[in-house]
Amino acid sequence: MENKKEFLARTFFFKGLSDKYLEAVSRIAHVKKMRKGEFIFQEGDPARGFYIVYKGQVKIYKESPSGKEQIIHLFGPGEPFGEVPVFAGFDFPAHAMALTNGELLYFSRQEFLDLIKKDPSLALNILGVLSQRLRQLVAMVEALALKEVSERLASYLLYRHEQTGAEEFDLGMNKTQLASFLGTSPETLSRMFSKLQKLGLIESRGKQVKIIDREGLSEIAAGIKPFSV
């Protein structure tokens, strides 16, 4: 693993911290291995600390009594997860599972709170992350409750395009996971991808997508342009 301090300095959570406090944070960052398919924590587990993905990918999801899975978020390198219940004093409200082999950095709640008392700027960084997470959650609830599946898919593709800043980008998850994230079936999602390609809005090959007509895709995301499969 590369120098922990250098890695943490590039994460949104710790960006802008002084070298002194980056050193202190790196000392309480404990490296944990994860294996594909293993639980990192389960819903209802006590939240005694939070994590930052160093290598690999983690999914956060809820499961209905019937076993239906709803993906809430996927996290990759540099992204923190599990921090909200730690600072709010609640148990974990969802499951976290490793989607790949990889490594995590684990921060004990008590050790981290001790650092916050010493450096208020760290608390400001955390507030920024939590407010961003809240906006994402509100947007997801709005999409699942009010938007058609076609609008959700178009919105997600535009989001990934902006997030990666690339003309051609990776979906960030496989299509089965994306169907769960968007609250639809893999079959419906596949038909929608085919329709978007026939309309000349995107090109899609496996997990790789290229947006051809951004304006047209934006119209579908906003519910302006009719869309049927």
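Scoring rules and cut-offs
Residues numbered from 1 in each chain as written. Predicted model: local features only at pLDDT ≥ 70, side-chain atom pairs only at ≥ 80, totals over all residues. Heavy atoms only, no water. Helix = DSSP H or I, 4+ residues; strand = E, 2+ residues; numbered from the N terminus. Expected span 1.5 Å × (residues − 1). Buried < 20%, exposed > 50% of the residue type's maximum accessible area, 1.4 Å probe, protein only. Pairing = 2+ DSSP bridges. Contact = heavy atoms within 4.5 Å. Axes fitted to C-alpha atoms, helices over the stretch in contact; angles between N-to-C directions. Salt bridge = Lys/Arg side-chain N within 4 Å of Asp/Glu carboxyl O. Arc of directions from axis to C-beta. Polar contact = N/O pair within 3.5 Å; in protein donor to acceptor, adjacent residues only side chain to side chain. Core = buried A, V, L, I, M, F, W, Y, C linked by side-chain atoms within 4.5 Å. Phe/Tyr/Trp six-rings, centres within 6.5 Å; stacked < 30°, edge-to-face > 60°. Lys NZ or Arg CZ within 6 Å of the ring centre and 35° of its normal.

1. Quick notes on helix 6 (residues 149–164)
Here is step 1 of the chain: Under the 1.5 Å per step criterion, the end-to-end length of helix 6 is 22 Å for 16 residues, consistent within 8% with the ideal 22 Å.
Here is step 2 of the chain: Every buried residue of helix 6 is listed here: Val149, Ser150, Glu151, Arg152, Leu153, Ala154, Tyr156, Leu157, Leu158 and Arg160.
Here is step 3 of the chain: Within two residues after helix 6, Gly165 carries a phi angle of roughly 70 degrees, on the positive side.

2. Observations regarding the sheet that holds strand 3 (residues 49–55)
Here is step 1 of the chain: Ordered in space as 1-8-3-6, the four strands form an open sheet in which the pairing is antiparallel. The sheet terminates laterally at strand 1 (29–34) and strand 6 (80–81), the two strands that pair on one side only.
Here is step 2 of the chain: Here strand 3 runs beside strand 6; their pairing, made up of two bridges, is antiparallel. Paired with Tyr51 across the bridge in strand 6 is Phe81.
Here is step 3 of the chain: The strands that helix 4 (residues 109–118) touches are strand 1, strand 3 and strand 8 (102–108); relative to strand 8, the one it contacts most, it runs at about 65 degrees.

3. Observations regarding the pattern of salt bridges
Here is step 1 of the chain: Within the structure shown, the criterion is met by seven salt bridges.
Here is step 2 of the chain: Lys62 is the salt-bridge partner of Glu43, the closest N and O atoms lying 2.9 Å from each other. Remark: Lys62 occurs in strand 4 (residues 58–63) and Glu43 occurs in the loop between strand 2 (39–41) and strand 3; sequence separation between them is 19 residues.
Here is step 3 of the chain: On the accessibility criterion, Glu43 (37% relative accessible area) is partly exposed.

4. Examining helix 9 (residues 214–221)
Here is step 1 of the chain: Taken together, the buried positions of helix 9 are occupied by Gly216, Leu217, Ile220 and Ala221. One side of helix 9 holds all its buried residues, which, seen down the axis, span an arc of 145 degrees.
Here is step 2 of the chain: For helix 9, the secondary structure elements touched by its buried residues are helix 6, helix 8 (186–198), strand 10 (202–205) and strand 11 (208–211).
Here is step 3 of the chain: For helix 9, the side-chain oxygen to backbone nitrogen distance between the N-cap and Glu215 is 3.3 Å, and the N-cap itself is Asp213.
Here is step 4 of the chain: Directly after helix 9, the chain includes Gly223, whose backbone phi takes a positive value near 80 degrees.

5. Some points on the nonpolar core
Here is step 1 of the chain: Counting residues in each nonpolar core, the largest one holds 37 residues, and the members touching the most others are Leu8, Phe14, Phe81 and Phe107.
Here is step 2 of the chain: What Leu8 contacts, discounting residues up to four positions off in sequence, is Phe14, Lys15, Leu22, Val25, Ser26, Ala29, Ile52, Leu105 and Phe107.
Here is step 3 of the chain: By size, the runner-up hydrophobic cluster in this structure holds 29 residues, among which are Met97, Leu171, Leu182 and Leu201.

6. Quick look at the environment of Glu168
Here is step 1 of the chain: Relative to the helices and strands, Glu168 is located in strand 9 (residues 168–170).
Here is step 2 of the chain: Residue Glu168 is classed as partly exposed on the basis of its relative accessible area of 34%.
Here is step 3 of the chain: Spatially, the C-alpha atoms of Glu168 and Gln208 are 6.8 Å apart, while their sequence positions differ by 40 residues.
Here is step 4 of the chain: Sequence-distant contacts of Glu168, that is, excluding residues within four places in its chain, are made with Arg205, Gln208, Val209 and Lys210.
Here is step 5 of the chain: A distance of 2.7 Å separates the side chain of Glu168 from the side chain of Arg205, its partner in a polar contact.

7. Overview of the packing of aromatic side chains
Here is step 1 of the chain: Here the structure, examined in full by the defined rule, presents 14 aromatic pairs.
Here is step 2 of the chain: Ring geometry for Phe107 versus Phe112: centroids 6.0 Å apart, planes at 70 degrees, classification edge-to-face. Each member of the pair, Phe107 as well as Phe112, carries the same accessibility label: buried.
Here is step 3 of the chain: Here a set of aromatic residues connected by ring pairs shows up, and it is made of Phe41, Tyr51, Phe75, Phe81, Phe92 and Tyr106.
Here is step 4 of the chain: Over the ring of Tyr61 we find Lys59, and its NZ or CZ is 4.7 Å from the ring centre.
Here is step 5 of the chain: Above the plane of the ring of Phe193 lies Lys175, whose end atom (NZ or CZ) is 4.2 Å from the centre.

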